[in-house]
Amino acid sequence: MSNVTPRDIDWDRLAAAALEVRGKAYAPYSHFEVGAALLTENDEIVVGCNVENRSYGLTVCAERTAVGSAVAAGYRNFKALAVATSASPPAPPCGMCRETLQEFAPNLPILLTNPQGERRTFVLTDLFPEPFAGP
Ligand code: THU
């Protein structure tokens, strides 16, 4: 675990939630299933999975599904994110998701994992150092 990643977070619980919701992904076109688990400021976990569409460009990533669910549930402050894919090494969020996450949590600690148990950690500012700052 990286030294920039907070130790007071239950990463095992968050990773397990991301891996579990990955099983609900709707990905009949890419067959690349993604699960995301956001830890809210009061230690609730809100999950999301990718939802593809036969019009491929309408696909929504797991991370943005999780953000939408969290905001709809009244959460806007997040302590951490776990993302689960089948990739090795574990895959980071796409650019669109980085921008979406940055809107709410610029310093978000992120754990990437896969079913084999590999882990990588980042902080969003490192993955996405120069966000669009608004007009
Ligand atoms: N995907 C995510 O869910 N999150 C990302 O950050 C990158 C890509 C999904 C979209 C699509 O359903 C599949 O992975 C392949 O691109």
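Check the entry above for the structure.
Because the structure is predicted, anything quoted here is derived from the model rather than measured.

Draft legend 1. Main features of unusual backbone geometry. Here the residue pair Ser 88 and Pro 89 is connected by a cis peptide bond, since its omega of 0 degrees sits within 30 degrees of zero. Relative to the helices and strands, Pro 89 resides in the loop between strand 3 (78-84) and helix 3 (95-104). The backbone phi angle of His 31 is positive, close to 60 degrees, even though this residue is not glycine. The topology assignment puts His 31 in the loop between helix 1 (11-22) and strand 1 (35-40). Owing to a relative accessible area of 62%, His 31 belongs among the exposed residues under this scheme.

Draft legend 2. Representation of the side chain of Asn 114 in the model. Here Asn 114 shows up in the loop between strand 4 (109-113) and strand 5 (119-123). Within the structure, the side chain of Asn 114 is placed 2.9 Å from the side chain of Glu 118, a separation counted as a polar contact. Not counting chain neighbours up to four residues away, the residues in contact with Asn 114 comprise Leu 19, Thr 85, Ser 86, Ala 87, Ser 88 and Pro 90.

What counts and how
- Residues numbered from 1 in each chain as written.
- Predicted model: local features only at pLDDT ≥ 70, side-chain atom pairs only at ≥ 80, totals over all residues.
- Heavy atoms only, no water.
- Helix = DSSP H or I, 4+ residues; strand = E, 2+ residues; numbered from the N terminus.
- Buried < 20%, exposed > 50% of the residue type's maximum accessible area, 1.4 Å probe, protein only.
- Polar contact = N/O pair within 3.5 Å; in protein donor to acceptor, adjacent residues only side chain to side chain.
- Contact = heavy atoms within 4.5 Å.

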